[in-house]
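# A closer look at the structure
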Amino acid sequence: MAAIFLIAGAGVYTLSAKNHGSGTPPEMAAPEFQAKEVLVDKSERTLRLLRDGTTLGEYSVSLGGNPLGHKERQGDRRTPEGDYLIDWRNPNSRYHLSLHISYPDAADKTRAAAAGQDPGGDIMIHGLPNGWGFIGRLHLFLDWTDGCIAVTDEEMREIWSRVPDGTPIRIAG
């Protein structure tokens, strides 16, 4: 019985926290401290910020709940693979801040259409669900997103400040 109350309480907490936004985003870092490229290695569960061959930061990540292979369609819970851009940011995300990845590109749309599928979208780098930042690195014990790349809230604030819109991102399997 206690488990039911715990699960129900967590659900109510999540529903109430999700719409509160992420708070004030950090200011952008000085240009010399900003990444010129983001590299995600799905097999190693890492995200690296690079500038002229130098690693500015490296972070452990959680991926989509079905992480093997390239994203093929909406709902497959896969994180895409390939070359994209960080094309916009959302300070009012349901997760602690989020940077949008330009998936699907033209090839992804063509491949999905040929299979009669919707390619999906809204693939982001983001922190933890609003109100759940206290779990920190515990989120790394499983791949839990719908295809996004998740880091801790503290890490997301650092990534947000160091990755300007237009930054290329390579996601390798």
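Scroll up to find the structure this text is about.
Residues numbered from 1 in each chain as written. Predicted model: local features only at pLDDT ≥ 70, side-chain atom pairs only at ≥ 80, totals over all residues. Heavy atoms only, no water.

### Thoughts on the sheet that holds strand 7 (residues 149-150)
Reading across the sheet, the 8 strands line up as 3-2-1-8-4-5-6-7 and stay open at both edges, with mixed pairing between neighbours. Edge positions in the sheet fall to strand 3 (54-60) and strand 7, since each has one partner strand and no second. Bridging between strand 4 (residues 82-90) and strand 5 (residues 98-101) involves 4 bridges; their strand directions are antiparallel. Looking across to strand 5, one finds that Ile86 is bridged to Ile101. Strand contacts of helix 3 (residues 153-162): strand 2 (46-51), strand 3, strand 4, strand 5 and strand 6 (124-126), with the helix running at about 150 degrees to strand 3, the strand carrying the most contacts. (Pairing = 2+ DSSP bridges. Helix = DSSP H or I, 4+ residues; strand = E, 2+ residues; numbered from the N terminus. Contact = heavy atoms within 4.5 Å. Axes fitted to C-alpha atoms, helices over the stretch in contact; angles between N-to-C directions.)

### Quick look at the pairing of strand 5
With burial as the criterion, each face of strand 5 is covered, one bearing Ser98 and His100 and the other bearing Leu99 and Ile101. Here strand 5 pairs with strand 6 via 3 bridges, running antiparallel. Pairing of Ser98 across the sheet is with His126, part of strand 6. (Buried < 20%, exposed > 50% of the residue type's maximum accessible area, 1.4 Å probe, protein only.)

### As for the packing of aromatic side chains
Per the counting criterion, the structure on display carries 3 aromatic pairs. Summarising the aromatic geometry, the rings of Tyr84 and Tyr103 are spaced 6.0 Å apart at their centres and angled 70 degrees between planes, so their arrangement reads as edge-to-face. Placement of the pair is Tyr84 in strand 4 and Tyr103 in the loop between strand 5 and helix 2 (106-114), with a sequence separation of 19 residues. The interplanar angle of 40 degrees and the centroid separation of 6.2 Å between the aromatic rings of Tyr95 and Trp144 together place this pair among those described as tilted. (Phe/Tyr/Trp six-rings, centres within 6.5 Å; stacked < 30°, edge-to-face > 60°.)

### Considerations on the pattern of salt bridges
According to the stated counting rule, one finds 11 salt bridges in the structure shown. Residue Asp83 pairs with Arg170 through a salt bridge whose shortest N-O separation is 2.5 Å. Linking Asp83 in strand 4 with Arg170 in strand 8 (residues 168-172), this pair joins segments that are 87 residues apart in sequence. Under the relative-accessibility criterion, Asp83 is labelled partly exposed at 48%. Arg170 gets classed as partly exposed once you look at its relative accessible area, which sits at 41%. Ionic pairing is found between Arg162 and Glu158, a salt bridge with its closest N-O pair at 3.8 Å. Taken as a pair, Arg162 and Glu158 lie in helix 3 at a separation of 4 residues, close to a single helical turn. The buried category is assigned to Arg162, whose relative accessible area is 15%. (Salt bridge = Lys/Arg side-chain N within 4 Å of Asp/Glu carboxyl O.)

### Quick look at the nonpolar core
Leu47, Ile101, Ile125, Ile149, Ile159 and Ile169 are the most contacted members of the largest nonpolar core, which has 24 residues in total. Secondary-structure elements contributing two or more residues to this core are strand 1 (37-41), strand 2, strand 4, strand 5, helix 3 and strand 8. It is helix 3 that provides the largest number of residues to this core, a total of 3 residues. If we ignore the near neighbours within four places in the chain, the residues touching Ile149 are Val40, Leu47, Val61, Ser62, Leu63, Thr79, Ile101, Met124, Ile125, His126 and Ile171. (Core = buried A, V, L, I, M, F, W, Y, C linked by side-chain atoms within 4.5 Å.)

### Section: helix 3
For helix 3, a buried count of 7 out of 10 residues is recorded, marking the element as mostly surrounded by other parts of the structure. When we look at burial in helix 3, the residues that qualify are Asp153, Glu155, Met156, Ile159, Trp160, Ser161 and Arg162. Against the buried residues of helix 3 lie strand 2, strand 3, strand 4, strand 5 and strand 6.

### Looking at the side chain of His139
Note on placement: His139 falls in the loop between strand 6 and strand 7. Accessibility expressed as a relative area gives 4% for His139, which makes it buried. Side-chain polar atoms of His139 contact the side chain of Trp144, separated by 3.2 Å. Dropping the residues within four chain positions of it, His139 is found in contact with Ser62, Leu128, Trp144, Ala150, Val151 and Thr152. (Polar contact = N/O pair within 3.5 Å; in protein donor to acceptor, adjacent residues only side chain to side chain.)

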